[in-house]
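# Observations on chain architecture
If you want the building blocks of each chain, they are given just below.
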Amino acid sequence: MPRRQALHVRRPCPALCVNRFGPRSSKHASQLAISEASSSRAAGAALKLERDVFVYRSYIASGKPVVVLDEVKAGASDLELELVRLHAELASGKLTTDAAKAELADKTEAITGRPAASGGALVRAIAATLANACGDHAMALSLVRHRESLEQMALEVASLLAIDRADLAGETVATMRKLDDEAPLAVLAGAWVNQSSGRERANDAAAAFLELIDKFGPNQQLLAGLGAACMAAGRF
């Protein structure tokens, strides 16, 4: 979906999601992304919820889960907010990994049963992100197996790399590129795979990270990815 453009503003690069409210960085979302989404005006309850979820996930990614715990109260009526709060509880240390896994498992039927037209794709992306945070990559893969969005495909790539299946991750990236070869998510996911596929391809990963940094500006995750790619290519 199109992103709103602003003159003379370098936006943070998306790594897990690009939606109508703008980009979100992989694990360290910038304050700019949070501010942009928070100030956007969403028409209708569904878009307002999507915007709020975007902001809360960005806070978690930027290491501020306590903000989410303050704003999203226990027993939230929306499944999206329930999952976001659960992730915040895990990230803050309020909940153990085993407890988070158990709660996520209890919600599996509601997560998988939500129709895509009713926000199911977003729900499953949130749940898969949480599953990966719990180290349950098998669950994450099962949640995104229908590839309902580029974010879900990027999560599939991350999950496959976590279990040392760069070959399958590469196939997913190829599918992403067929859908949109220039999508930042496709470029970033390709960099992840190349970084994990030997010295020669690590150089390609470094080039991709540089491209994203040039386009969106530096953030912690992109700079860390660039450094890791350079080391994998033997460029210390």
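Quick summary incoming for the structure in this document. Here the residue index of a chain counts from 1 through its sequence in written order. The predicted nature of this model means local features are confined to residues of pLDDT at least 70 and side-chain atom pairs, given and counted, to a pLDDT of 80 or more, with totals for whole chains, interfaces and linings taken over all residues. Only hydrogens and water are removed before side-chain values are computed, so all heavy atoms of the structure are retained for them.

## Here's the deal with the environment of L86
By definition, any uninterrupted DSSP run of H or I lasting at least four residues is a helix, any uninterrupted run of E lasting at least two residues is a strand, and each is numbered from the N terminus. For L86, the location among the structural elements is in helix 4 (residues 79-92). Using a relative accessible area of 1% as the deciding quantity, one classes L86 as buried. Considering only alpha carbons, one finds L86 and K101, 15 residues apart in sequence, at a separation of 9.8 Å. Throughout, a contact is declared for two residues whenever any of their heavy atoms are within 4.5 Å. Apart from the residues lying within four places of it in its own chain, the contact partners of L86 are L95, A100, E103, L104 and L130. Only protein chains enter the calculation, and the probe is 1.4 Å; a residue is then buried if its accessible area is under 20% of its type maximum, exposed if over 50%, and partly exposed in between.

## Notes on the pattern of salt bridges
For this analysis, a salt bridge means a side-chain nitrogen from Lys or Arg found within 4 Å of a carboxyl oxygen belonging to Asp or Glu. Across all of its chains, the model carries ten salt bridges by this definition. When the shortest N-O distance is used, the salt bridge between R85 and E89 registers 3.1 Å. Placement of both R85 and E89 in helix 4 is noted, with a separation of four residues, approximately one turn of the helix. The same class applies to R85 and to E89, which are both buried. Salt-bridge contacts for R165 lead to D167; the nearest nitrogen and oxygen are separated by 2.7 Å. Accessibility expressed as a relative area gives 34% for R165, which makes it partly exposed. On the basis of relative accessibility, which here comes to 44%, the residue D167 falls in the partly exposed class. One salt-bridge network, held together by shared partners, links K48, R51 and D52.

## Concerning the packing of helix 11 (residues 184-195) against helix 12 (residues 199-216)
To define axes, lines are fitted to C-alpha atoms, for helices over the stretch in contact only, and angles between the resulting N-to-C directions are given on a 0 to 180 degree scale. Running from N to C, helix 11 and helix 12 point in directions that differ by 150°, and their axes come no closer than 7 Å. In this view, helix 11 runs roughly antiparallel relative to helix 12, as classed from their interaxial angle. Our pair here, helix 11 against helix 12, has a crossing hand that is left-handed. Residues P184, V187, L188, A191, W192, V193, N194 and Q195 of helix 11 pack against R201, A202, D204, A205, A208, F209, E211, L212 and F216 of helix 12. Polarity classes work like this: nonpolar for Ala, Val, Leu, Ile, Met, Phe, Trp, Tyr, Cys and Pro, charged for Asp, Glu, Lys and Arg, and polar for all others, with Gly in that last group. A breakdown of the residues in the contact of helix 11 with helix 12 according to their chemical character gives twelve nonpolar, two polar and three charged. Here the word oblique covers every angle except those under 35 degrees (roughly parallel), over 145 (roughly antiparallel) and from 65 to 115 (roughly perpendicular). A clockwise turn of the near helix away from the far one marks a right-handed crossing, whereas an anticlockwise turn of less than a right angle marks a left-handed crossing.

## So, the side chain of E156
Inspection of the secondary structure assignment puts E156 in helix 9 (residues 150-162). The buried category is assigned to E156, whose relative accessible area is 9%. Polar contacts, as used here, are pairs of N or O atoms within 3.5 Å; protein pairs need one atom able to donate a hydrogen and one able to accept it. Residues neighboring in sequence count only if both atoms are side-chain atoms. Within the structure, E156 has its side chain in polar contact with the side chain of R147 (distance 2.9 Å). The contact partners of E156, leaving out residues within four places of it in the chain, are L141, V144, R147 and T172.

## Details of the packing of helix 4 against helix 7 (residues 120-133)
At their nearest, the axes of helix 4 and helix 7 sit 9 Å apart, and the two run at 15° to each other. Taken together, the axes of helix 4 and helix 7 are roughly parallel relative to one another. Crossing of helix 4 over helix 7 shows left-handed handedness. Residues L79, E80, L83, V84, L86, H87 and L90 of helix 4 touch helix 7, and the partners they reach there are V123, I126, A127, T129, L130 and A133. Along the lines of polarity and charge, the residues of the contact of helix 4 with helix 7 split into ten nonpolar, two polar and one charged.

## Some thoughts on the environment of G170
Assignment of secondary structure puts G170 in helix 10 (residues 166-179). Overall, the relative accessible area of 27% leaves G170 in the partly exposed class. Between the alpha carbons of G170 and A189 there is a distance of 8.7 Å; along the sequence they are 19 residues apart.

## Remarks on the nonpolar core
Counting residues in each nonpolar core, the largest one holds 35 residues, and the members touching the most others are V68, L81, L83, V84, L104 and I111. When contributions to this core are tallied by element, the ones reaching two or more residues are helix 2 (45-61), helix 3 (65-71), helix 4, helix 5 (97-106), helix 7 and helix 8 (137-143). Here V84 is in contact with V53, Y56, R57, I60, V68 and I126, once residues within four sequence places are set aside. Think of a nonpolar core as a cluster: buried Ala, Val, Leu, Ile, Met, Phe, Trp, Tyr and Cys residues, connected wherever their side-chain atoms sit within 4.5 Å. Core analysis: the next-biggest nonpolar cluster, separate from the first, contains 29 residues, M153, M176, A205 and F209 among them.

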